[in-house]
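Listed here are the chains, written in short residue letters.
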Amino acid sequence: MTFRPKFITFDCHGTMINFDMAGAARHHYSAHLSAPAMDAFIRDFSAYRLDEVLGAWKPYAEIVHNALERTCKRNAVPFDAAVAHDIYTRVPTWGPHADVPAGLARIAPHIPLVALTNSMNAQIPHNIAKLGAPIAHVFTAESAGAYKPQMRPFEYMLDELGCGPEDILHVSSSFRYDLMTAHDMGIKHKVWVNRAHEPANPFYGYTEVKDISGLAEVVGL
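Below: a short report on this structure. (Residues numbered from 1 in each chain as written. Predicted model: local features only at pLDDT ≥ 70, side-chain atom pairs only at ≥ 80, totals over all residues. Heavy atoms only, no water.)

Overview of the packing of helix 3 (residues 60-74) against helix 4 (residues 81-90)
Here is step 1: The N-to-C vectors of helix 3 and helix 4 enclose an angle of 135°; their axes lie 9 Å apart at closest approach. In terms of axis orientation, helix 3 runs oblique to helix 4. In this structure, the crossing between helix 3 and helix 4 has a hand that is right-handed. Taken together, the residues of helix 4 that come into contact with helix 3 (itself represented by Tyr 60, Ala 61, Val 64, His 65 and Leu 68) are Ala 81, Val 83, Ala 84, Ile 87 and Tyr 88.
Here is step 2: Its residues assigned to classes, the contact of helix 3 with helix 4 shows 9 nonpolar, 1 polar and no charged. (Axes fitted to C-alpha atoms, helices over the stretch in contact; angles between N-to-C directions. Helix = DSSP H or I, 4+ residues; strand = E, 2+ residues; numbered from the N terminus. Parallel < 35°, antiparallel > 145°, perpendicular 65-115°, else oblique. Left-handed = near helix turned anticlockwise from the far one by under 90°. Contact = heavy atoms within 4.5 Å. Nonpolar A, V, L, I, M, F, W, Y, C, P; charged D, E, K, R; others polar.)

Focus on the side chain of Arg 195
Here is step 1: Looking at the element boundaries, Arg 195 is found in the loop between strand 5 (190-193) and strand 6 (207-209).
Here is step 2: Only 3.0 Å separates the side chain of Arg 195 from the backbone oxygen of Thr 15, close enough to count as a polar contact.
Here is step 3: Here the side chain of Arg 195 touches Asp 99 through a polar contact of 2.8 Å, side chain to side chain.
Here is step 4: Aside from chain neighbours lying at most four places away, what touches Arg 195 is Gly 14, Thr 15, His 97, Asp 99, Val 100, Ser 173, Asp 211 and Ile 212. (Polar contact = N/O pair within 3.5 Å; in protein donor to acceptor, adjacent residues only side chain to side chain.)

Quick notes on the packing of aromatic side chains
Here is step 1: For the coordinates displayed, the defined rule picks out 11 aromatic pairs.
Here is step 2: Between Tyr 60 and Tyr 88, the aromatic rings sit 6.4 Å apart at their centres with planes inclined by 40°, giving tilted as the arrangement. Within this pair, whereas Tyr 60 is found in helix 3, its partner Tyr 88 is found in helix 4, the two being separated by 28 residues in sequence. Pair check on accessibility: Tyr 60 and Tyr 88 agree, each one buried.
Here is step 3: Pairing Phe 139 with Tyr 156 gives two aromatic rings, centres 5.8 Å apart and planes at 90°, and the pair type is edge-to-face. Of the two residues, Phe 139 sits in strand 3 (residues 137-140) while Tyr 156 sits in helix 8 (residues 152-161), which places them 17 residues apart along the sequence. (Phe/Tyr/Trp six-rings, centres within 6.5 Å; stacked < 30°, edge-to-face > 60°. Buried < 20%, exposed > 50% of the residue type's maximum accessible area, 1.4 Å probe, protein only.)

What about helix 1 (residues 21-29)?
Here is step 1: Three or more residues of helix 1 are buried, namely Met 21, Ala 24, Ala 25 and Tyr 29. Within helix 1, the buried residues cover an arc of 110° as seen down the axis, which keeps them to one side.
Here is step 2: Buried-residue contacts for helix 1 involve helix 2 (35-52), helix 3 and helix 4. (Arc of directions from axis to C-beta.)

Considerations on the packing of helix 1 against helix 2
Here is step 1: Contact geometry for helix 1 and helix 2: axes closest at 10 Å, N-to-C directions at 130°. Here helix 1 is positioned oblique relative to helix 2, judged by the angle of their axes. Crossing handedness for the pair helix 1 and helix 2: right-handed. Mapping the contact onto sequence places Met 21, Ala 22, Ala 25, Arg 26 and Tyr 29 in helix 1 and Met 38, Asp 39, Phe 41, Ile 42, Phe 45 and Arg 49 in helix 2.
Here is step 2: For the contact of helix 1 with helix 2, the residue count by class is 8 nonpolar, no polar and 3 charged.

Some points on unusual backbone geometry
Here is step 1: Each neighbour pair has its own omega, and for Lys 148 with Pro 149 the value is 15°, a cis peptide bond.
Here is step 2: Tracing the chain through its elements places Pro 149 in the loop between helix 7 (141-144) and helix 8.
Here is step 3: Phi at Ala 76 takes a positive value of approximately 55°, unusual for a residue other than glycine.
Here is step 4: Position of Ala 76 relative to the elements: it lies in the loop between helix 3 and helix 4.
Here is step 5: On the basis of relative accessibility, which here comes to 71%, the residue Ala 76 falls in the exposed class.
Here is step 6: A positive phi angle, near 65°, is found at Ala 196, a position not held by glycine.
Here is step 7: Among the secondary structure elements, Ala 196 is positioned in the loop between strand 5 and strand 6.
Here is step 8: For Ala 196, a relative accessible area of 66% puts it in the exposed group.

Description of the sheet that holds strand 2 (residues 113-117)
Here is step 1: Across the sheet, 6 strands lie side by side as 3-2-1-4-5-6; this open sheet has parallel pairing. With one partner strand each, in any of the chains shown, strand 3 and strand 6 form the two edges of the open sheet. Each strand of the sheet is rotated relative to its neighbour by a mean of 20°, with strand direction disregarded.
Here is step 2: The sheet contact formed by strand 1 (residues 7-11) and strand 2 spans 4 bridges and is parallel. In the sheet register, Thr 9 faces strand 2, and the bridge partner there is Val 114. (Pairing = 2+ DSSP bridges.)

In structure tokens:
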């Protein structure tokens, strides 16, 4: 029997929004680094951003600033705070992956869509407005007082929705930020959008789709 959730909850940046931190880093540093060194820089920048969100909540501008500073130090590249600020200010300008608007539009009339995002309250409306489909609820790390992959954002979302982990389908392109924690939270119904960010990890129990266009079939629409 197809599971019809009360809500479909989504990671936003990376899953729905084309979160182009790699492109932003290349814009500033590719002229100064070889291609292999640039690839290493991007991997480090991603890893440090994850490390930065594991502690106490702080504004996302600080996450980007600190992660970039640590990345520059590790790669022997001069750090410029203005570059970190520029990368941060790009975030609300990014729009959806090409498959997202039509994929969401097929589902939105039938099941409420929810965004659970590692974002600031002032930033995320600009991204949400570009999705091309109504999002019923948006829950941010700022409102939760913690970033994913910590459990608190998931707890906050479930409390605000007034439902349990058994009532939702959680959708993400990331195991490390979302699907591992969703597993630990007892969210049995999960979808991995394979955007080639991370390798498959069947232990965590999910349905795989190549993009959001495949989501309607998962919920029987």
